[in-house]
Amino acid sequence: MIGDIEGKESLWVFIEQYKGAPKQVSLELIAKARMLADKFSLRVAALLIGDNVSTASSVLISAGADTVFLLEHPLLGRYRSDFYAPVILDLIRKGKPGVVIFGATPIGRDLAPAVAALAGTGCTADCVDLELTENGALLQTVPAFGGRMMAVIVTPEQRPQIATVRPGVFQQAWFPEHDGRVVSILPELPPAKFDLVEFVEESIQPSLLTSARVVVAGGAGVDSREGWELLRELTGVLQAALGGSRPALDNGWIEESQMIGHSGSTIRPDLYIAVGISGDVLHMVGVQDAKVIVAVNSDSRAPVFSRSDYGIVGDYREVVPVLINTLKKKQRF
Ligand SMILES: Cc1cc2nc3c(=O)[nH]c(=O)nc-3n(C[C@H](O)[C@H](O)[C@H](O)COP(=O)(O)OP(=O)(O)OC[C@H]3O[C@@H](n4cnc5c(N)ncnc54)[C@H](O)[C@@H]3O)c2cc1C
């Protein structure tokens, strides 16, 4: 039945949810799938799996889904790949979608390759863009060769085409008038491969980075406690969030949740100030949608300058105090 209606003419999005509320990344993926589907008159389906999660269906339809496949079962209340992967495989066999997209979250990164392996197809991880061709080929863009180039990966023969996309890469959209339907499916669960003894929830402070309008980030060029105190002072004056590059994390100046780039957060602030950051592609993919990028770097040939709107060539220890004092003076008026 699913096949008749959805078939390979549809793009599916796995919905990650917490206590019935869809995660932001899932809504972003529906919006992108909607955009791709509209180009070729295709349909978008959301895979909503859990226990008592049906209330999320209307949100998913307003986010752009034509169909919500609702699979509820008490044993699906907590994510576990030994149940989720075969249940999705079963649905894929019946529905034969052309594309299935997952968020590149800890769950998506576990589930997508497991589903791909069971389905005998490929999985492109951590895409930074997706496009669709007329003949239904998904063009999956990922940084390759240590970020030296962007590679476009296609899955020429196997279906479905499975990809994971990092949170924040696409923007959520809202279609309040959009009509959709909910198809409730009784999942057939395979025998459990392990017993879930206890579930311990870790409380993680949500990163301020993704919602901040102004972000100041430091890189390997900021290599002292005094330097990071200067950046903190600048964030205070600008009411900005503080982030950094991979070396800033490796050197212990920032937390993991503050790292920006391919393996960190993707952000789209109004203003991004990169201090002592060279501008490597694997960092810059995380800020490619920032409205204005300002770079402070002592090396006039640093690649960051070709990827910025404004550049200040100089030692941050001289430049940042000038910025702070100038901004403070302006704020007094
Ligand atoms: C698979 C993979 C994933 C990765 N993911 C990420 C990611 O998500 N995010 C990320 O950031 N990186 C990531 N990286 C690392 C990335 O490739 C770069 O190595 C990293 O972004 C470089 O960080 P940086 O610009 O801070 O350091 P560098 O490249 O060392 O640049 C430091 C800059 O500081 C400047 N500088 C030095 N002293 C001063 C001074 N006194 N004043 C002003 N400027 C100064 C220098 O001129 C230089 O341009 C990843 C790498 C791999 C292989």
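Residues numbered from 1 in each chain as written. Predicted model: local features only at pLDDT ≥ 70, side-chain atom pairs only at ≥ 80, totals over all residues. Heavy atoms only, no water.

Observations regarding the overall build of the protein
Scanning the protein for helices and strands turns up nine helices and 17 strands. In terms of overall size, the protein behaves like a compact globule, its C-alpha atoms giving a radius of gyration of 22 Å where 333 residues would be expected to give roughly 20 Å. C-alpha atoms of the protein, sized along the principal axes, occupy 65 × 45 × 40 Å. Looking at the 333 residues of the protein, the share that counts as buried comes to 51%. (Helix = DSSP H or I, 4+ residues; strand = E, 2+ residues; numbered from the N terminus. Rg over C-alpha atoms; globule rule 2.2 N^0.38 Å. Buried < 20%, exposed > 50% of the residue type's maximum accessible area, 1.4 Å probe, protein only.)

With respect to the site of the ligand
Residues in contact with the ligand amount to 25 residues; listed here are only the nearest, Ala-220, Ser-245, Ser-263, Ser-278 and Asn-297. Residue Ser-298 places a main-chain N or O atom 3.2 Å away from a nitrogen atom belonging to the ligand. Within the backbone of Tyr-316, a nitrogen or oxygen atom sits 3.0 Å from a nitrogen atom of the ligand. The protein chains hide 73% of the 990 Å² of surface that the ligand would expose on its own. Under a 2 Å grid-point criterion requiring more than half of the atoms, the pocket assigned to the ligand is the second largest pocket. By residue class, the composition of the shell around the ligand is seven nonpolar, 13 polar and five charged. (Near = heavy atom within 4 Å. Polar contact = N/O pair within 3.5 Å; in protein donor to acceptor, adjacent residues only side chain to side chain. Areas by Shrake-Rupley, 256 points an atom, 1.4 Å probe, with all protein chains shown as cover. 1 Å grid on protein atoms, 1.4 Å probe; cavity = no way out; pocket = protein on both sides within 12 Å on 5 of 7 lines; lining within 4 Å. Sits in = over half its atoms within 2 Å of the grid points. Nonpolar A, V, L, I, M, F, W, Y, C, P; charged D, E, K, R; others polar.)

A few points about helix α2 (residues 24–39)
Taking 1.5 Å of rise per residue, 16 residues should cover 22 Å, and α2 covers 24 Å from first to last C-alpha, within 8% of that figure. The element α2 is largely enclosed, with a buried count of 12 among its 16 residues. Along α2, the residues classified as buried are Val-25, Ser-26, Leu-27, Glu-28, Leu-29, Ile-30, Ala-31, Lys-32, Ala-33, Arg-34, Leu-36 and Ala-37. Ser-41, located one to two residues past α2, shows a positive phi value of around 50°. (Expected span 1.5 Å × (residues − 1).)

Let's talk about the pairing of strand β5 (residues 67–72)
Taking burial as the measure, the six residues of β5 include five buried ones, the bulk of the element. By the bridge criterion, six bridges tie strand β4 (residues 43–50) to β5 in an arrangement that is parallel. Across the sheet, Leu-48 pairs through a bridge with Leu-70, a residue of β5. Where the polypeptide runs from β4 across helix α3 (residues 56–62) and back to β5, its parallel neighbour, the crossover connection is right-handed. By the bridge criterion, five bridges tie β5 to strand β12 (residues 181–185) in an arrangement that is parallel. Across the sheet, the residue bridging to Thr-67 is Arg-181, located in β12. (Pairing = 2+ DSSP bridges. Right-handed = clockwise from strand over helix to strand, strands pointing away.)

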